[in-house]
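Structural characterization, general
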Amino acid sequence: MITVSFVDDDQMLLDGLAAWLSSVPDLRLLGTMRTVEELLAAPGARPRVVVLDLLLADRSDPVENVRRLVAADIQVLVASVVPHVEHGVDVVRAGALGYLTKDHALDVLADAIRQVATGETVYSTELAYSWSRDTRPERPRLAAQERAVLVAYASGMTLTAAARRAGVQPATAKKYLAKVKEKYRELGRATYTKLDLANRVREDGLARYPQS
């Protein structure tokens, strides 16, 4: 028996999936949640597999969502309404074992859950091709507020304005930016100036995802 939970903010979809899973003998639904935070805070046993919507209404970072679930020893299958190839590569790099679009039939989803549960990878031909050709440099792991300050500051805001956007004091924002620069330099990606920071945001697609 494979235990599975769904993290999605489409209640009609969640209700439909719950009804469907009741007829699949080898899959057992543990719960449906709207956020990763809610799933990880829930009492009781954790699922073997989580089917995770790529972009949630809480504006959480998809890559960080995957990392948190993987760190909790949960296999992750990401689902999306549309085929974000670059996004798919990012979440697979973060540890997701699968990436499916929501236009697949339910039996395809069931098979994907079974494969992911055993540690196999499941993703489209397009994603596999992009994954094999992905030569982007390694990205540092940034805390949510570090990233918020970075993206705001690199977009052209002053330090004070970026701090205000992130909800912190300018002195704190300055410390965050220093940490960000250090993290990039540790990866061999020299980062010293505001222009360097803007280039890292562009190179790593940090402005693509909703901010936490």
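Residues numbered from 1 in each chain as written. Predicted model: local features only at pLDDT ≥ 70, side-chain atom pairs only at ≥ 80, totals over all residues. Heavy atoms only, no water.

Labelled according to an unreviewed UniProt entry, the protein chain appears under the name Transcriptional regulatory protein DevR (DosR), originating from Actinoalloteichus hoggarensis.

Another aspect to go through is helix H3 (residues 62-71). Taken residue by residue, H3 has Pro62, Val63, Asn65, Val66 and Leu69 as its buried positions. All buried residues of H3 project into a common sector of 160° when viewed along the axis, lining one side. Its side-chain oxygen 2.9 Å from the backbone nitrogen of Val63, Asp61 forms the N-cap of H3. Among the residues trailing H3, Asp73 stands out with phi positive, at a value near 65°. (Buried < 20%, exposed > 50% of the residue type's maximum accessible area, 1.4 Å probe, protein only. Helix = DSSP H or I, 4+ residues; strand = E, 2+ residues; numbered from the N terminus. Arc of directions from axis to C-beta. Polar contact = N/O pair within 3.5 Å; in protein donor to acceptor, adjacent residues only side chain to side chain.)

With that settled, the discussion passes to the pattern of salt bridges. On inspection of all chains with the given rule, the structure shows nine salt bridges. In this structure, the salt-bridge partner of Arg68 is Glu37, at a minimum N-O distance of 3.0 Å. Here the residue Arg68 occupies a position in helix H3, and Glu37 occupies one in helix H2 (residues 36-41), the gap between them amounting to 31 residues. Residue classification places Glu37 among the partly exposed residues on the basis of a relative accessible area of 47%. Overlapping salt bridges bring together Asp8, Asp53 and Lys102 as one network. (Salt bridge = Lys/Arg side-chain N within 4 Å of Asp/Glu carboxyl O.)

The biggest cluster of nonpolar side chains holds 22 residues, and the ones touching the most others in it are Phe6, Val51, Leu77, Leu109 and Ile113. Elements with a minimum of two residues in this core: strand E1 (2-7), helix H1 (11-21), strand E3 (49-53), strand E4 (75-80) and helix H5 (106-117). Apart from the residues lying within four places of it in its own chain, the contact partners of Leu109 are Phe6, Leu17, Trp20, Val51, Leu77 and Leu100. By size, the runner-up hydrophobic cluster in this structure holds 21 residues, among which are Val151, Ala152, Tyr153 and Ala154. (Core = buried A, V, L, I, M, F, W, Y, C linked by side-chain atoms within 4.5 Å. Contact = heavy atoms within 4.5 Å.)

In most cases, non-glycine residues show a negative phi, while peptide bonds are predominantly trans. Positioned with a positive phi, Arg59 is a non-glycine residue whose angle comes to about 65°. Here Arg59 is to be found in the loop between E3 and H3.

This part covers the packing of aromatic side chains. For the coordinates displayed, the defined rule picks out zero aromatic pairs. Looking at Lys194, its charged tip hangs above the ring of Tyr153, at a distance of 4.3 Å from the centre. (Phe/Tyr/Trp six-rings, centres within 6.5 Å; stacked < 30°, edge-to-face > 60°. Lys NZ or Arg CZ within 6 Å of the ring centre and 35° of its normal.)

Moving on, we come to the sheet that holds strand E5 (residues 98-101). Strand order in the open sheet formed by six strands is E2-E1-E3-E4-E5-E6, with parallel pairing between adjacent strands. Of all the strands in the sheet, the pair left with one neighbour each is strand E2 (27-33) and strand E6 (122-123). Bridge count between E1 and E3: four bridges; the pairing is parallel. Paired with Val7 across the strands is Leu52, a residue of E3. Across the face of the sheet, H5 comes into contact with E1, E2, E3, E4, E5 and E6 while running at roughly 150° to E4. (Pairing = 2+ DSSP bridges. Axes fitted to C-alpha atoms, helices over the stretch in contact; angles between N-to-C directions.)

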